[in-house]
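Each chain is listed here by its residues.
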Amino acid sequence: MDLMIEIATEQEDSNRDKGVLLEKLGKEILQVLQYEVIEEIRVTGMEVDLLAKHKLTAEEILVECKSHTANLSADVITKLVGNIFTRDVSAGWLMTTGPLGKDAKGIQYDWEKKEIEKRRKLQVHTPDKLLQTLISANIIVNPEALETKESQSYMPETVFLVSKKGKFWAKKTISEKIGIADQFELFNAESGKLITNEQIYIYVSNLESSFSNLGYSLADSVNDNIEIETEYENIVQVSSGDKWADYRPSRPKDFVGRDLVIKDEFNFYSDVLLGKSETRLTAIKAPSGWGKSSLLLKIKDRSTNKRNQKIFVCSVDLRAASSKRYAELALITCFNEAIKANFIKKPKADILINSTSNPFASEGIKDIFEQLASQNKLIVLYFDQFEEIFSKLELLDLFNSIRKISSAVDSAKENFILGYAWKTDGTIPTEHPAYNMWHMLKDRRFEKNLEIFTTKEITKALAVFSKELGQVLNPNVKRYLEDQCQGYPWLLKKLSIHVYETVTSGDTQENVITQGLDIGKLFEQDMMNLSPSEFECVTRIAKESPADFFKLDQDFGNEIIDNLLNKRIVIRKAHKLILYWDIFKDYVLTGVLPKIDITYVPQGNINAFMKLISILVDEGVTTITQISEQVDLGRKATENLLRDMIMFGNVSRKGEEVTLLDVDEKAAIEKVYEFFSNHIFMKRLREYSSESKNVVLIEFQREFIELYSDKNIQEKTLILYYKKILRWLSGLGLIDYKSNRETSIIDLERSRGLKTIPKKMIIQNKLYPFFGSAPASRLLELFEEIKAGEELEANLNRKKLRNAITTAVTLGFAYRHEGMVKLEMIVTDNDLELEIARRVLQTETIQLIDKYYSENSNLPSRDWVGREVSELLNKKWKPSSEKRNGSALLNWYVWSKEKLQ
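Residues numbered from 1 in each chain as written. Predicted model: local features only at pLDDT ≥ 70, side-chain atom pairs only at ≥ 80, totals over all residues. Heavy atoms only, no water.

**Brief notes about the overall build of the protein chain**
In terms of helices and strands, the protein chain carries 38 helices and 26 strands. When each of the 901 residues of the protein chain is scored for burial, the buried share is 54%. Long-range contacts, defined here as pairs at least 24 residues apart, represent 69% of the contacts in the protein chain between residues at least 6 apart. On the protein chain, roughly 41300 Å² of surface is accessible, and the fraction owed to carbon and sulfur atoms is 47%. (Helix = DSSP H or I, 4+ residues; strand = E, 2+ residues; numbered from the N terminus. Buried < 20%, exposed > 50% of the residue type's maximum accessible area, 1.4 Å probe, protein only. Contact = heavy atoms within 4.5 Å. Areas by Shrake-Rupley, 256 points an atom, 1.4 Å probe, with all protein chains shown as cover.)

In structure tokens, the structure reads:
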């Protein structure tokens, strides 16, 4: 018979209270052995040091009492040996209420081989020895004489339970079908009689002990294990979808990426097998929808190949948990699955779990660990959806069970690893017990964070999609999916499935792109396709997730539930129902879409955008050919600009036809503003400039390049992208340039004021290239025409003032709106030419000439100006264009200088 000791304390007990119980037990045992305590040296929690003297020999001994349930480390013994010699006592005793760890057992074994005189210096009193002492002295009854029920099956362990209200023998009854402790019975420690006072059982149930998770059995009743057996039968292992186009975790054959994470995880397994790591806990962390469950399935699949025959992986879903016993049931399931797979042999003894504090004490589990050690094999159990237990008050006891099992696994150091898949976009209040536990174990677990998909991983995922689709992906579709997914695995899957379902229903890939891929519209479509009853049921599941299947089946009917399951909106996990995505659940509950950092870099420019918006507001629908002519862009540049506008949400495109989706310019610009406000560039710029409003652009350029380090884009191209984004941000007023090297971010509240301007959008000029395409005389002529009442852009163009309009907009004197050209500010005739000169001299292109003149005391050639401006702006001008632009800029420089003299 296995004998154990537990010091059972009350929830509100202090460390001092806990120590007193242990001290009393220690003193009682010492008195039986003819010792009296002469000094209590220290009481800390469940550890007590006593100095005792033998009543006959006067021999003094140092006694260390340790109350624990996990394996005792060797450090306790080595520390005691040191104290023996430091205090110059005859001997040192260790009284321990729990088991010894491997290293501690090794020290005890080596010590007991020493000669008698040395051996007396250290004595280790394990629970069975301590209890035999009390039994022999008739202080307590021999547990073999307990009045147990013949009809009941019991765990092999008998526990001596010490509490404030007395000492008891306690036995746990077995749920035989499963192999875990189910209920407990209490016996009078002195007489051995069964206790039938229910108040005592209630008291013990509320103590901090291995009995707190259990029910209790009174009189001659036999346990009814139906409830716990039902939960055991409903243990849900992580499973994949049936096909590629399924929102459940990916099938291993469809899984892509995460190669480094998988490699690191298997290297960790190898380190454990090779004895290179003492760590036995692991965690995979990522936001919802980033593929944690799919990764676990891939790891399990990888563990079955020939190279990894030494590793067995089991993953269970905590969303199916309905009681505090789920963790123990999962352990039993894991061991039985390993036996079923012939990974290990079924042990001769039963696989039993006595308690969460010491789950590996049974002979059956010890046999399994011996098999694993002798064959150099490893079992890994993952708890998927680990965050689920933090969000539900009723699962707090389950959390405590997992905490105890985690500590036991960490302490045992066997060939067994416990893992967690953890959603990082949830929050744990600091006052929640899980908060401290999770952080306390951080330095004792191997931890991996999943990142957003790299360009390479996106390409692999799209290759799998293309194969499933049975078609080569249209390059534009592929590019749209790459841009729109932003590297988020869940978004890539959602968008890809949308394309898949659209194309397989008879539409073309081209038509899919022209409508844009809006995650909000896809979620809205999911909800719009539901009947009123289905809608109500989905909302209910979102609120109660994971919701009880039987309750919802009763409230809504089997047909509604089946419809939702068939539509893949709802997924069943044992007797629980959940929505296909946590992100979708959040959308159902709040109506708010997940916040996504945008990484897309527009290829067009804001001036062309503003011009096209103005045209589309007038015409509503047009064609690409007409746009190319009206905006004066080539076909490729027009395609790029339209691609930007589809990304912004401004237009839809069907073949050659382009349709504006906004009611006016203001609505269109607001979308662009929101797009850039959520851009990763702005997010990093805000962080970078948090301490100072000034940012050196050439330095921040490196920050931008690092943002796209995983995109496999050449640095030269990234610098070009950097300048493109700066021009858009400057034009939108999100940033304001002081010079060509520094910028300051406009206060966000101030910048949001742009959305309140009723009829115009200020396009800033300080970074936009000034080419001087119209001379000063034509610019002044334009101002006269506008002041005289001619604002229609078409009429001004007929008067050959197109270039003058561009120059006026670039310098910030005018803006386009609804086919009209409006003056931005009124300047008196006397001051107008001076203001034009001042603004021209502030432009980046003119400053190149001014710098040259300052250094050389003469003007540069038009060829030099053209080449420098071309290089500055990454333009590939022909020599004739360089000369033309260089000449125009020189003329403006001379005119401006003369006006300001």
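Picking up where we left off.
**Quick look at the sheet that holds strand β21 (residues 657–660)**
Strand order in the open sheet made by the three strands is β19-β21-β20, with antiparallel pairing throughout. In this open sheet, the two edge strands, each paired with only one partner strand, are β19 (621–623) and β20 (651–654). Across this sheet, the average inter-strand angle for adjacent strands is 25°, counted without regard to direction. In the sheet, β20 pairs with β21 via four bridges, with the strands oriented antiparallel. Residue arginine 653 lies in a different strand from β21, and its bridge partner there is valine 658. Where helix α25 (residues 624–631) meets the sheet, its contacts fall on β19, β20 and β21, and the angle it forms with β19 comes to roughly 85°. (Pairing = 2+ DSSP bridges. Axes fitted to C-alpha atoms, helices over the stretch in contact; angles between N-to-C directions.)

**Brief notes about the layout of surface pockets**
The computed volume of the second largest pocket comes to approximately 1100 Å³. Contributing to the lining of the second largest pocket are 35 residues, with Thr69, Glu208, Ser357, Arg403 and Lys404 lying nearest its centre. The leading source of residues in the lining of the second largest pocket is helix α13 (residues 396–412), at six residues. Broken down by class, the residue content of the lining of the second largest pocket amounts to seven nonpolar, 19 polar and nine charged. (1 Å grid on protein atoms, 1.4 Å probe; cavity = no way out; pocket = protein on both sides within 12 Å on 5 of 7 lines; lining within 4 Å. Points joined across faces, edges and corners; volume = space filled by probe spheres on them. Nonpolar A, V, L, I, M, F, W, Y, C, P; charged D, E, K, R; others polar.)

**Structural notes on the pattern of salt bridges**
Tallied over the full model, the rule gives 36 salt bridges. When salt bridges with common partners are traced through the structure, they connect Asp242, Asp246 and Arg248 into a single cluster. (Salt bridge = Lys/Arg side-chain N within 4 Å of Asp/Glu carboxyl O.)

**Let's talk about the environment of isoleucine 627**
Its location among the elements puts isoleucine 627 in helix α25. Look at isoleucine 627 and you get buried, because its relative accessible area is 0%. With 11 residues separating them in the primary sequence, isoleucine 627 and leucine 616 have C-alpha atoms 9.1 Å apart.

**A look at empty space enclosed by the protein**
Summed over all chains, the structure comprises eight cavities of 30 Å³ or more. Empty space within the largest cavity amounts to approximately 740 Å³. As for the largest cavity, its lining consists of 42 residues, and the residues nearest its centre are Pro249, Ser250, Gly289, Gly291 and Ser294. Among the elements of the structure, α9 (292–303), α15 (455–469), α17 (489–504), β17 (570–573) and β18 (576–579) are those that each provide at least two residues to the lining of the largest cavity. When grouped by side-chain class, the residues that make up the lining of the largest cavity number 18 nonpolar, nine polar and 15 charged.

**Some remarks on helix α38 (residues 879–900)**
Helix length check: α38, at 22 residues, gives a terminal C-alpha distance of 32 Å against a target of 32 Å (1.5 Å per residue), a fit within 8%. Turning to α38, its buried residues are Ser881, Glu882, Asn885, Gly886, Ala888, Leu889, Leu890, Trp892, Tyr893, Trp895 and Ser896. (Expected span 1.5 Å × (residues − 1).)

**What to know about the packing of aromatic side chains**
Counted by the stated rule, this structure contains 40 aromatic pairs. Ring centres of phenylalanine 609 and phenylalanine 648 lie 5.9 Å apart, and the angle between their planes is 90°; this geometry places the pair in the edge-to-face category. Taken together, the residues phenylalanine 609 in helix α24 (residues 606–619) and phenylalanine 648 in helix α26 (residues 635–648) connect sequence positions 39 residues apart. Overall, the relative accessible area of 6% leaves phenylalanine 648 in the buried class. Centre to centre, the rings of phenylalanine 675 and phenylalanine 676 are 5.2 Å apart; their planes meet at 80°, and the pair counts as edge-to-face. Three or more aromatic residues joined by ring pairs form one cluster here, namely Tyr600, Phe609, Phe648, Phe675, Phe676 and Trp728. It is lysine 114 that lies over the ring of tryptophan 111; its NZ or CZ is 5.1 Å from the centre. (Phe/Tyr/Trp six-rings, centres within 6.5 Å; stacked < 30°, edge-to-face > 60°. Lys NZ or Arg CZ within 6 Å of the ring centre and 35° of its normal.)

**Quick word on the nonpolar core**
Ranked by internal contacts, the top residues of the largest apolar core, which has 74 residues, are Tyr269, Phe465 and Phe584. Top element by residues in this core is α17. It accounts for eight residues. If we skip the residues at most four places from it in the chain, phenylalanine 465 touches Trp244, Leu473, Leu481, Ser496, Val499 and Tyr500. Ranked by size, the runner-up nonpolar core spans 51 residues in total, among them Ile228, Cys314, Ile365 and Tyr420. (Core = buried A, V, L, I, M, F, W, Y, C linked by side-chain atoms within 4.5 Å.)

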